[in-house]
Amino acid sequence: MTLTVEELAKYMDATLLKADATEEQIDELCDEAKQYDTASVCVNPYWVSRAAKNLADTDVKVCTVIGFPLGANTTATKVFETNDAINNGADEIDMVINIGELKSGHDQVVFDDIKAVADATHAQHKLLKVIIETALLNDDEKIRATKMTLDAGADFVKTSTGFSTAGATAPDVALMRETVGPDFGVKAAGGIHSLEEAYDMINAGATRLGVSAHVQILEEAKQNA
């Protein structure tokens with residue numbers, strides 16, 4: 001698959017989730033997203049309102065993270081975070097599953113957690129992506145978490161937070177794509193730093209990429225156009 005620079009940009013959630021991100025860096029991220037017309041910016045919940053103001057009157061969405069980065073918050077906390085983020089201007093929610101409960105075999109708990117956030121997100125007509133943190137899971141757990149994401153009514157399943165032991169891999173993306181079928185969203189995130197790596201994820205089945213190297217990748221795409 002070969003995409004134009006403009007098409008590739010619309011695969012990208014331009015991401016800045018570092019703890020020490022400053023307001024100047026958030027503003028710079030939004031300026032880059034506007035320049036390249038990415039799908040969204042992805043920022044921590046505190047910065048949602050600032051990003052929303054910066055991106056008003058553009059088609060760049062504001063994405064934020066919920067239960068981040070460990071997923072071990074209570075469901076009530078995740079639902080509150082979701083509603084607060086949407087009220088502050090978030091268009092898309094990326095939540096982390098309860099990884100420990102998945103690994104404990106308590107699938108109903110994990111499903112209910114996802115569904116509660118999905119219901120809260122969709123009640124306000126926004127989009128939910130579910131981070132399963134593939135680096136901490138075996139293949140059976142990846143498949144179970146992906147199926148739960150689909151069955152709970154989310155819009156995307158996402159590989160990684162980018163804050164664990166590893167990020168996205170093409171085999172994991174392919175496994176997730178195989179599990180959900182052709183039409184459900186799959187987001188690859190974590191460790192995507194080059195145009196080649198971006199295409200590896202897209203060719204494996206990703207329909208969205210979480211990247212902090214968005215400028216580098218898109219400039220590389222321009223040079224290769």
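In this text, all values refer to a predicted model and were calculated from it rather than measured experimentally.

Chemist: Now, about the UniProt feature "coiled-coil region" (unreviewed entry) in the protein chain: what can you tell me, with residues and values included?
Modeler: Per the UniProt record, the feature "coiled-coil region" (unreviewed entry) sits at residues 12-39. Span residues 12-39 is 50% helix and 18% strand, its end C-alpha atoms 5 Å apart.

Chemist: Can you break down the UniProt feature "active site" (unreviewed entry) in the protein chain residue by residue, with the values?
Modeler: This chain's UniProt record puts "active site" (unreviewed entry) on Asp94, Lys158 and Lys187. In three dimensions, the annotated residues from a span of 94 residues occupy one location, with a maximal C-alpha spread of 10.0 Å. Of the annotated set named above, Lys158 and Lys187 line the largest pocket. Relative to the elements of secondary structure, Lys158 occurs in strand 6 (residues 156-158). Setting aside residues up to four positions removed in sequence, Lys158 forms contacts with Asp94, Val130, Ile131, Ile132, Glu133, Met176, Lys187 and Ala189. By the secondary structure assignment, Lys187 is in strand 7 (residues 185-189). Aside from chain neighbours lying at most four places away, what touches Lys187 is Asp13, Asp94, Lys129, Phe156, Val157, Lys158, Thr159, Arg208, Leu209 and Gly210.

What counts and what doesn't
Residues numbered from 1 in each chain as written. Predicted model: local features only at pLDDT ≥ 70, side-chain atom pairs only at ≥ 80, totals over all residues. Heavy atoms only, no water. UniProt positions renumbered as here; feature names shortened; annotations may be inferred. Helix = DSSP H or I, 4+ residues; strand = E, 2+ residues; numbered from the N terminus. 1 Å grid on protein atoms, 1.4 Å probe; cavity = no way out; pocket = protein on both sides within 12 Å on 5 of 7 lines; lining within 4 Å. Contact = heavy atoms within 4.5 Å.

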